[in-house]
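Here are the chains, one letter per residue:
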Amino acid sequence: DVDDLTAPVRKSAEKWARTTVHSSVVQAVYNAWEMERHHAAERHLFPDAISTIKQIQSDHPNVIIGAVTDGSANPMLMVFSLMPLFDFTVSW
């Protein structure tokens with residue numbers, strides 16, 4: 001954790017990060033990591049998740065399907081599986 005670093009080490013690390021790694025590179029790496037996290041979640045879905053949601057939608061045509069999440073597994077970003085089945089997501 002950065003807060004646990006001693007002041008000289010932290011100052012050196014912050015200086016290196018500002019001069020060595022452009023913020024656009026950091027953002028691009030983060031974006032790639034985040035999308036892979038969601039794709040990995042798609043690969044490891046509970047086997048009956050999609051069929052269960054589809055059955056609920058079939059049984060209750062006016063149902064609104066949503067998710068409340070901490071953002072770690074946002075179904076709206078799972079474009080190959082859950083996204084088409086969800087109406088909204090609330091993340092924090």
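Here, every reference points to the structure presented above.
Summary of the structure given here. Since we're looking at a predicted model, the values are computed, not measured.

## Looking at the overall build of the protein
Working step 1: Helix and strand counts for the protein stand at 3 helices and 2 strands.
Working step 2: Counting helices and strands in the order they occur from the N terminus, the protein gives α-α-α-β-β.
Working step 3: On C-alpha atoms alone, the protein measures out to a radius of gyration of 20 Å, which is more than a quarter above the 12 Å that the 2.2 N^0.38 rule sets for 92 residues.
Working step 4: Along the three orthogonal principal directions, the C-alpha set of the protein runs to about 60 × 20 × 20 Å.
Working step 5: Scored against the burial criterion, the 92 residues of the protein give a buried share of 16%.
Working step 6: Look at the contacts in the protein between residues 6 or more apart in sequence, and 44% of them connect residues 24 or more apart.
Working step 7: Of the roughly 7000 Å² that the protein leaves accessible, carbon and sulfur atoms contribute 62%.

## Here's the deal with the side chain of E42
Working step 1: Note on placement: E42 falls in helix α2 (residues 23-43).
Working step 2: R43 provides the closest opposite charge to the buried, salt-bridge-free E42, at an N-O distance of 6.9 Å.
Working step 3: A distance of 3.1 Å separates polar atoms of two side chains, one belonging to E42 and the other to H39.
Working step 4: Among all residues touching E42, those that are not within four sequence positions of it are M78, V79, F80, S81 and L82.

## Side note on the packing of aromatic side chains
In this description, an aromatic ring pair is defined by two values, namely the gap between the centres and the angle between the planes.
Working step 1: Under the defined criterion, the tally for this structure stands at 1 aromatic pair.
Working step 2: Their ring planes at 40° and their centres at 5.6 Å tell us that Y30 and W33 sit as a pair that is tilted. Of the two residues, Y30 and W33 both sit in helix α2, 3 residues apart, roughly one turn of that helix.
Working step 3: Judged by relative accessible area, W33 falls into the partly exposed class, the value being 46%.

## Considering the nonpolar core
Working step 1: Counting 7 residues, the largest nonpolar core is built from I53, I65, A67, M78, L82, L85 and F86.
Working step 2: Each residue touching A67, except ones within four places of it in the same chain, is listed here: P75, F86, F88, T89 and V90.

## A short note on the pattern of salt bridges
Working step 1: Scanning all chains against the criterion turns up 2 salt bridges.
Working step 2: The partner of E34 in a salt bridge is R37, with the nearest N and O atoms 3.5 Å apart. In this pair, E34 and R37 both sit in helix α2, 3 residues apart, roughly one turn of the helix.
Working step 3: Salt-bridge contacts for R43 lead to E36; the nearest nitrogen and oxygen are separated by 2.5 Å.
Working step 4: Relative accessible area serves as the criterion here: at 54%, R43 is assigned to the exposed category.

Definitions and limits used
- Residues numbered from 1 in each chain as written.
- Predicted model: local features only at pLDDT ≥ 70, side-chain atom pairs only at ≥ 80, totals over all residues.
- Heavy atoms only, no water.
- Helix = DSSP H or I, 4+ residues; strand = E, 2+ residues; numbered from the N terminus.
- Rg over C-alpha atoms; globule rule 2.2 N^0.38 Å.
- Buried < 20%, exposed > 50% of the residue type's maximum accessible area, 1.4 Å probe, protein only.
- Contact = heavy atoms within 4.5 Å.
- Areas by Shrake-Rupley, 256 points an atom, 1.4 Å probe, with all protein chains shown as cover.
- Lys, Arg positive; Asp, Glu negative; His and termini not counted.
- Salt bridge = Lys/Arg side-chain N within 4 Å of Asp/Glu carboxyl O.
- Polar contact = N/O pair within 3.5 Å; in protein donor to acceptor, adjacent residues only side chain to side chain.
- Phe/Tyr/Trp six-rings, centres within 6.5 Å; stacked < 30°, edge-to-face > 60°.
- Core = buried A, V, L, I, M, F, W, Y, C linked by side-chain atoms within 4.5 Å.

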